[in-house]
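As a plain string of letters, each chain reads:
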Amino acid sequence: MIKLENMTIFDLMYEKYKITKPVRLIELFSGYGSQALALKYLDVNFEHWKTCEWAIKSIQAYKDIHFTDEVYNSNLTKEKYVEFLYKKGISSNYNEPMTYEQIKRINEKQLKTIYDNIQITHNLVNIQQVKGKDLDIVDTNKYDYILTYSFPCQDLSLAGKGKGMSDTSTRSGMLWEVERILTECKELGNLPQILIMENVIQVHSQDNIKDFNKWQLRLEQLGYKNYCQDLIATDYGIPQTRNRCFMVSVLGNYNYTFPKPIPLKLKLSDLLEDNVDEKYYLKIGTLKCFMKELSGKFPRKQRFLESLYQTNVNDIAGTLTALMGGKATDNHIIVPESTKKGYTEAYPGDGIYIQNIKGKRGMVQHQMIQTLKTCQDVGVLTKDFRIRNLTPLESGRLMGVKDEDVKKMTVNDSAKIHCFGDSIVVNVLMAIFGELFNIDWQNKLTK
């Protein structure tokens, strides 16, 4: 595995690849299109060439953000819509395709919307059905094709079941569908000039390194030079401890250098909304569950729990009065944590895990948030010592998405949260792309 810090003299001998031609973007596992947003925010000349996304809500979000005013006037019978969507393999839960009967139960108006969204976004839908010819890679002398693939991480991440990515029977094994498609492109005589992979850092863990090296070797056989590095969002302007592995693969004998980190100027509190609906605040009962008994000794825990349970502010969301030593002049709360110390002080503007995980470390992140996931498991301590969930707008900001683009999304709040947790921080992508286009990306980062 080639890492930036381990570059050899032979890597430096290669010319640095710079994109100078118009770009045709191909987004596999596209979600709402964070890669496209990065190019848009960089003012790059590109077109949405192909997407591949089977989740209905993500397809809707992609259409909302990138094709806001575009309309597709299909006029099929309900039976034709059902047949088309069933064959395409759409998914309602991100994990498996819908059955024929499930699709048939959707009303005709919704079926038309899903169908039209697929057409508008140039969506190939289910990657297992995509052929190399479907990417329609032509005129490589005139265009630079960038193919991005953020394949599912469920079987790789710490939260997953450790199934790995050995074969296509696992979600993470969808990586080998990308291999198949690229092999077919090679046989047709045209490959994308640039590939960009993103996944959790466990992709190169001890359990998965054999398969990851196998993947890199296969790309080398196809003619790519691979450059791989772990990048964390806090190094690119976003106060979120989201650490991900990226690999840039360049067709031919070219070099690529990953962007250097920049100082983090923003705090989590800088990205929070001023007025937040009461529904986002945690209730007393939720907090009691959150602060359930942990293994090990915690010397201050009893006082924390006593003050927490005694809190009663007209039964509204749980105001925390658990101050250090019970002193009203203190400006923080105590959060139990599975460390030698046994607890962590949390101050307003700190990120806090809001689900009970026994033996959990890192329960508090000072002035930043933990990695956003597809469900709400992190929150923030407010100025009045209350814990609340992030709003969809705040979650979008923490993924580098501009407010105007978040507000374009017509899916419900829980779908927005899922989309953001399942995506890539736009700032990091802007930095990666910036090096390919020789753009001063630092002055264009989303804030």
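Residues numbered from 1 in each chain as written. Predicted model: local features only at pLDDT ≥ 70, side-chain atom pairs only at ≥ 80, totals over all residues. Heavy atoms only, no water.

1. Here we look at the overall build of the chain
For clarity, the cut-off: Every helix listed is a DSSP run of H or I at least four residues long, and every strand listed is a run of E at least two residues long, numbered separately from the N terminus. Summary of the burial criterion: residues with accessible area below 20% of their type's maximum are buried, those above 50% are exposed, and those between are partly exposed, where the area comes from a 1.4 Å probe applied to protein chains only. Computed with a 1.4 Å probe, the accessible areas rest on the Shrake-Rupley method; for each residue, only the protein chains presented here act as cover.
Scanning the chain from N- to C-terminus turns up 14 helices and 14 strands. Looking at the chain as a whole, 56% of its 447 residues qualify as buried. When the accessible surface of the chain is split by element, carbon and sulfur atoms take 48% of a total near 20,300 Å².

2. Looking at the sheet that holds strand S14 (residues 387-389)
Rules: Pairing between strands is defined by DSSP: at least two bridges between the two strands are required.
Taken together, the four strands give an open sheet; going across it, the order is S12-S11-S13-S14, and neighbouring strands pair in antiparallel fashion. The open sheet has two edge strands with one neighbour each: strand S12 (364-365) and S14. Relative to S12, strand S11 (residues 351-353) runs antiparallel, the two sharing two bridges. The partner of isoleucine 352 across the bridge, within S12, is valine 364.

3. Re the sheet that holds strand S2 (residues 23-28)
Formally: Here an angle of 0 to 180 degrees is reported between the N-to-C directions of two axes, which are lines fitted to C-alpha atoms, with helices fitted over the stretch in contact.
A sheet is described by the order of its strands in space; here six strands give the open sequence S3-S2-S4-S5-S7-S6, paired in mixed fashion. In this open sheet, the two edge strands, each paired with only one partner strand, are strand S3 (46-52) and strand S6 (224-232). The sheet shows a mean angle of 20° between the axes of neighbouring strands, taken without regard to direction. For strand S5 (residues 194-200) and strand S7 (residues 243-251), the ladder comprises seven bridges, and the chain directions are antiparallel. Counted as the bridge partner of leucine 195 is serine 249 from S7.

4. What about the pairing of strand S9 (residues 333-336)?
Here S9 shows a buried face lined by Ile333 and Val335 and a second buried face lined by Ile334 and Pro336. Bridge count for S9 against strand S10 (residues 343-346) is four bridges, and the pairing is antiparallel. Following the sheet pairing, isoleucine 333 is matched in S10 by alanine 346. The hairpin turn running from S9 into S10, its antiparallel successor, is six residues long, and glycine 342 in that turn takes a positive phi close to 90°.

5. As for the packing of helix H3 (residues 56-66) against helix H6 (residues 108-120)
For any two helices packed against each other, one specifies the inter-axial angle together with the distance between the axes. Operational definition: The scheme is simple: roughly parallel for angles under 35 degrees, roughly antiparallel for over 145, roughly perpendicular for 65 to 115, oblique for anything else. The crossing is said to be left-handed when, going from far helix to near helix, the turn is anticlockwise and less than a right angle, and right-handed when the turn is clockwise. Throughout, a contact is declared for two residues whenever any of their heavy atoms are within 4.5 Å. Here the nonpolar group is Ala, Val, Leu, Ile, Met, Phe, Trp, Tyr, Cys and Pro; Asp, Glu, Lys and Arg are the charged ones; every other residue, Gly included, is treated as polar.
Contact geometry of H3 with H6 gives a least axis separation of 9 Å together with a crossing angle of 55°. Judged on the interaxial angle alone, H6 and H3 are oblique. Viewed along their axes, H3 and H6 form a crossing whose handedness is left-handed. Each of Ile56, Ile59, Gln60 and Lys63 in H3 lies in contact with H6, whose residues at this interface are Thr113, Ile114, Asn117, Ile118 and Ile120. Across the contact of H3 with H6, the residue classes tally to five nonpolar, three polar and one charged.

6. Re the nonpolar core
The test is simple: To define a nonpolar core, start from buried Ala, Val, Leu, Ile, Met, Phe, Trp, Tyr and Cys residues and group those joined through side-chain atoms within 4.5 Å.
With 93 residues, the main nonpolar core has Tyr32, Ile90, Ile146, Val401, Phe433, Leu436 and Phe437 as its most contacted residues. For this core, the element with the most residues is helix H14 (residues 426-437), which contributes nine residues. When residues no more than four places from it in sequence are discounted, the contact partners of phenylalanine 437 are Ile19, Val23, Leu39, Val44 and Ile146. Core analysis: the next-biggest nonpolar cluster, separate from the first, contains 34 residues, Ile137, Phe151, Leu191 and Met247 among them.

7. With respect to the pairing of strand S4 (residues 144-149)
Burial of S4 is extensive: six of the six residues sit out of reach of the surface. Burial along S4 is two-sided: the face carrying Asp144, Ile146 and Thr148 and the face carrying Tyr145, Leu147 and Tyr149 are both buried. As judged from the six bridges shared by S2 and S4, these two strands associate in the parallel manner. Counterpart to isoleucine 26 in the pairing with S4 is leucine 147. With four bridges joining them, S4 and S5 adopt parallel strand pairing. What sits directly across from tyrosine 149, in S5, is methionine 197.

8. Describing the packing of aromatic side chains
Condition: Between the rings of Phe, Tyr and Trp (Trp by its six-membered ring), a pair exists once the centres lie within 6.5 Å; its type follows the angle of the planes, with under 30 degrees stacked, over 60 edge-to-face, and the other angles tilted.
One pass over the structure, following the stated rule, counts 13 aromatic pairs. Residues tyrosine 32 and phenylalanine 420 carry aromatic rings whose centres are separated by 5.5 Å and whose planes lie at 75° to one another, so their mutual orientation is edge-to-face. Separated by 388 residues along the polypeptide, tyrosine 32 in the loop between S2 and helix H2 (34-41) and phenylalanine 420 in helix H13 (residues 413-421) bring together distant segments of the chain. Tyrosine 32 gets classed as buried once you look at its relative accessible area, which sits at 1%. Look at tyrosine 256 and phenylalanine 258: their rings are 5.1 Å apart centre to centre, the planes differ by 85°, and that puts the pair in the edge-to-face class. With a relative accessible area of 2%, phenylalanine 258 lands in the buried category.

9. Details of unusual backbone geometry
Phi at valine 125 is positive, roughly 70°, even though this residue is not glycine. Relative to the helices and strands, valine 125 is located in the loop between H6 and S4.

10. Quick look at H2
The periodicity of an α-helix, 3.6 residues per turn, causes residues three or four positions apart to be oriented the same way. Judged by how many residues are buried, H2 sits mostly within the fold: seven of eight residues are covered. Three or more residues of H2 are buried, namely Ser34, Gln35, Ala36, Leu37, Ala38, Leu39 and Tyr41. Where H2 ends, the next residue or the one after it, aspartate 43, has phi of about 60°, a positive value.

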